[in-house]
Amino acid sequence: DVKVTQSSRYLVKRTGEKVFLECVQDMDHENMFWYRQDPGLGLRLIYFSYDVKMKEKGDIPEGYSVSREKKERFSLILESASTNQTSMYLCASSLTGLNEKLFFGSGTQLSVL
Amino acid sequence: GENVEQHPSTLSVQEGDSAVIKCTYSDSASNYFPWYKQELGKRPQLIIDIRSNVGEKKDQRIAVTLNKTAKHFSLHITETQPEDSAVYFCAASVAYGNKLVFGAGTILRVKS
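Every chain is numbered on its own, with residues counted from 1 as its sequence reads. Lettering for chains starts from A, numbering for ligands starts from 1, and both go in the order in which the items are written. Restriction of local features to residues with pLDDT of at least 70 applies here, the model being predicted, together with a cutoff of 80 or more for giving and counting side-chain atom pairs; totals for whole chains, interfaces and linings are based on all residues. Remark: hydrogens and water are excluded; side-chain values derive from all non-hydrogen atoms of the structure.

Let us now look at the pairing of strand S7 (residues 62–67) of chain B. Residue and element names in this part refer to chain B. Strands pair, by our definition, only if DSSP identifies at least two bridges between them. Put simply, DSSP marks the helices as runs of H or I at least four residues long and the strands as runs of E at least two long, and each gets a number from the N terminus on. Of the strand pairs in this sheet, strand S6 (residues 56–59) and S7 are connected by 4 bridges, and their pairing is antiparallel. When the sheet's bridge partners are listed, Lys58 is paired in S7 with Ala63. The sheet contact formed by S7 and strand S8 (residues 72–77) spans 6 bridges and is antiparallel. Across the sheet, Thr65 pairs through a bridge with Ser74, a residue of S8. Hairpin connection, S7 to S8: the antiparallel pair is bridged by 4 residues, and Lys71 has positive phi, about 55°.

Rendered as structure tokens:
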């Protein structure tokens, strides 16, 4: 069974802090993704990566960066957290085809005060 | 860019009835349409998907239909059960950029 693990379930940070969200998958998947989920807006793609050290912007990359130094790990970085980045963040991975059969983590609920 | 609209935003049905959720998309080059189910407090999980070369796909009590001409696709759940209560998201692939665009979600409540 594929396991996508996000390091924190809940996180509270202050505005201006640098925030790291970590995601690890154990199935040797090539592709990894970061989404944010907000009520009424569905899931919106922040960044994705199809290979180690490769990254592509999604639909809402502003204020975020990512790092993929190892195949199994994909990190989302909020350089200077703001209150409008309060959200549920979901990591996902997929084996074949960038779009297909996404396996999601349990999510990190981030609150920026 | 691709836009996916999902309706209704909430849906309440009686146990045993059918439920239908509809999504429309804007990019005629979209060719992959998955549906994800997210139970309360849990992660989204893929329940069914369809490609543009197929008009209908069925898996037990769930089915997806695709109308490429009208650019809409629908999720059908028959004989609904309380465990079908969840948020359902549709999505459509973007022709360029290898991305998925998700709908806003439908909260399905099955009343027993």
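Text resumes after the structure shown.
What we call a nonpolar core is a set of buried Ala, Val, Leu, Ile, Met, Phe, Trp, Tyr and Cys residues that are connected through their side-chain atoms within 4.5 Å. Exposure classes here rest on a 1.4 Å probe applied to the protein chains alone. A residue is buried below 20% of its type maximum, exposed above 50%, and partly exposed in between. Counting residues in each nonpolar core, the largest one holds 25 residues, and the members touching the most others are Trp35, Phe73 and Leu108 of chain B. At the level of elements, strand S2 (10–14), strand S3 (19–25), strand S4 (32–38), strand S5 (45–51), S7, S8, strand S9 (86–93) and strand S11 (106–111) of chain B are the ones that each hand at least two residues to this core. Grouped together as the second largest cluster of nonpolar side chains are 20 residues, Leu11, Val66, Phe74 and Leu110 of chain A included.

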